[in-house]
Amino acid sequence: MIAPVILLVLMTAPYLAVRFVFTNRGYDLRGAAAIGLTLLFIFTGIGHFVQTEPMSQMLPAWVPARVLIIYLTGLLELALAAGFALPKFRPRAGWAAAIMLVAIFPANIHAALNRVPMGGHEWGPAYLLIRGPLQAIFLFWIYWFTIRKS
């Protein structure tokens, strides 16, 4: 399961490059971290259009219009990516992304408990030992670099 590694690399690479490679050049570390979030949300947003059916299985059967919800959340993630890319909108995008991540976490729990064959959920509840901390890292990164006042 390489997806968590890809997500972490996308999110942190711009920040780490500016912090450790392009030092002493006056680059904005918070901006670089926000660009990482832009890359992360572009990647995950596109995933909603490429893996629509498997993602729809992450939602309980009683949820209506599951495919439509997957498309709409994909569009939301792409809009959040745009918000992170534009400094004026970063704090609002950060709040919206944090709320979204908390709101969708129950779908990850449902998928793990039901071993949905999508993104590691087939591992069952053990997957939550990866997904839970990963979600916390995403929330911390969003808060620290886009919501928190510098």
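Structure shown above.
The paragraphs below set out a description of the structure included in this document.

## Remarks on unusual backbone geometry
Part 1 of the argument: In this structure, Ala65 is a non-glycine residue whose phi angle is positive, near 50°.
Part 2 of the argument: Note that Ala65 resides in the loop between helix 3 (52-56) and helix 4 (66-85).
Part 3 of the argument: According to the relative accessible area criterion, Ala65 is partly exposed, its value standing at 45%.
Part 4 of the argument: The phi dihedral of Arg115 falls on the positive side, at around 50°, and the residue is not glycine.
Part 5 of the argument: Its location among the elements puts Arg115 in the loop between helix 5 (90-113) and helix 6 (128-147).
Part 6 of the argument: A residue is classified by how much of its surface remains accessible, and Arg115, at 48% relative accessible area, is partly exposed.

## What to know about helix 4
Residue pairs spaced three or four apart in an α-helix point in one direction, given the helix's 3.6 residues per turn.
Part 1 of the argument: For helix 4, built from 20 residues, the straight-helix expectation of 28 Å at 1.5 Å per residue is met to within 8% by its first-to-last C-alpha distance of 29 Å.
Part 2 of the argument: Among all positions in helix 4, only Ile70, Thr73, Gly74, Glu77, Leu80, Ala81, Gly83 and Phe84 are buried.

Parameters and conventions
Residues numbered from 1 in each chain as written. Predicted model: local features only at pLDDT ≥ 70, side-chain atom pairs only at ≥ 80, totals over all residues. Heavy atoms only, no water. Helix = DSSP H or I, 4+ residues; strand = E, 2+ residues; numbered from the N terminus. Buried < 20%, exposed > 50% of the residue type's maximum accessible area, 1.4 Å probe, protein only. Expected span 1.5 Å × (residues − 1).

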